[in-house]
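These are the residues of each chain, in order.
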Amino acid sequence: MRIALFGDIHANLEALNCVLDDAEKHKCTHYVCLGDVVGYNANPHECVKIVQSLECPVVKGNHDEQAAINDSLEGFNPLAEEALNWTRNHLTAEDRKWLNDLKMVRQVRDFTIVHATLDTPHRWGYVFNQLDAAASFTYQTTGVCFFGHTHAPRAYIKDGAIVSVALDKITFEMGKKYFINIGSVGQPRDGDWRAAYTIYDIESNSIQLRRLEYDIQTAQRKILEAGLPRRLADRLAIGK
Ligand code: ZN
């Protein structure tokens, strides 16, 4: 059995379709979504509908949370704020209710999923290093936990000390704990513009990061046509 883990889609329909096509080609039969389905890019409603159609476990991201409510936006940079105001106006009431009802943390089979951190999932902190990861490991009761939020794939492995390694292919070993950032489908920020997701092969107990070229020109054109900030289109091409 193979599971496609994907998140930080951020309303990028072209990247999402590309990832789901690739997952199907690679014989994934199950899906797990790590949140931030919406925000930044031009197809929030379409992306919500597709993720719903997968009937898979989904956890809530900070953009999902803010898109679902009417409060003034706090803690967001001006670009994210402008995009979130636009997003709120381009989701149905049903979309927003679905986003609002998402859970913060879930256990799926024998692993955990969370958007940002396990220690304070509601506060949307960022895990950028071993020290940040250590706080989450304290709350991690399963051997493996997948997360997102930074839009940069990375693996933190706890075997006594915590080491941080680039995410490529990893075979899980007994006695070690793994806190894995699977990267972003719709707005990568690790300097690589290609869409990212991760395949978990249950039989071989291993994961593999996938990077995919997608129709970025269409995604960029839609951002401009929607009247969203040009900077959001430009950043897709540089992966930042
Ligand atoms: Zn995000």
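Anything mentioned here points back to the structure above.
Residues numbered from 1 in each chain as written. Predicted model: local features only at pLDDT ≥ 70, side-chain atom pairs only at ≥ 80, totals over all residues. Heavy atoms only, no water.

Caption draft 1: Up close: the sheet that holds strand β6 (residues 154-159). Overall, mixed pairing links the six strands, which are arranged β3-β4-β5-β9-β6-β7 in an open sheet. Looking at strand neighbours, the two that pair on one side only are β3 (105-108) and β7 (161-165), the edges of this open sheet. The average angle at which neighbouring strand axes cross in this sheet is 20 degrees, direction not considered. Relative to strand β9 (residues 177-181), strand β5 (residues 144-147) runs parallel, the two being bridged by four bridges. Each residue of the ladder has a partner; that of Phe-147, found in β9, is Asn-181. (Pairing = 2+ DSSP bridges. Helix = DSSP H or I, 4+ residues; strand = E, 2+ residues; numbered from the N terminus. Axes fitted to C-alpha atoms, helices over the stretch in contact; angles between N-to-C directions.)

Caption draft 2: Structural context of helix α5 (residues 93-100). Along α5, the residues that are buried comprise Asp-95, Arg-96 and Leu-99. Angular distribution of buried residues about the axis of α5 spans 95 degrees; they occupy a single face of the element. Facing away from the buried side of α5 by more than 90 degrees, the exposed set consists of Ala-93, Glu-94 and Lys-97. Where the residues of α5 are buried, they touch α2 (44-54), α3 (62-68) and α4 (78-88). (Buried < 20%, exposed > 50% of the residue type's maximum accessible area, 1.4 Å probe, protein only. Arc of directions from axis to C-beta. Contact = heavy atoms within 4.5 Å.)

Caption draft 3: Region of the structure containing the pattern of salt bridges. Throughout the structure, instances matching the rule amount to nine salt bridges. One salt bridge connects Arg-210 with Asp-22, and the closest N-O pair in it is separated by 2.8 Å. Placement of the pair is Arg-210 in strand β11 (residues 206-212) and Asp-22 in helix α1 (residues 13-25), with a sequence separation of 188 residues. With relative accessibility at 23%, the residue Arg-210 sits in the partly exposed group. Asp-22 gets classed as buried once you look at its relative accessible area, which sits at 8%. Taking the shortest distance from any N to any O, the salt bridge between Arg-211 and Asp-192 comes out at 3.9 Å. Here Arg-211, found in strand β11, pairs with Asp-192, found in the loop between β9 and β10 (195-201); they are 19 residues apart in sequence, far enough to count as distant. Several salt bridges converge on common partners, so that one network encompasses Asp-190, Asp-192, Arg-194 and Arg-211. (Salt bridge = Lys/Arg side-chain N within 4 Å of Asp/Glu carboxyl O.)

Read these as geometric descriptors, not functional statements.
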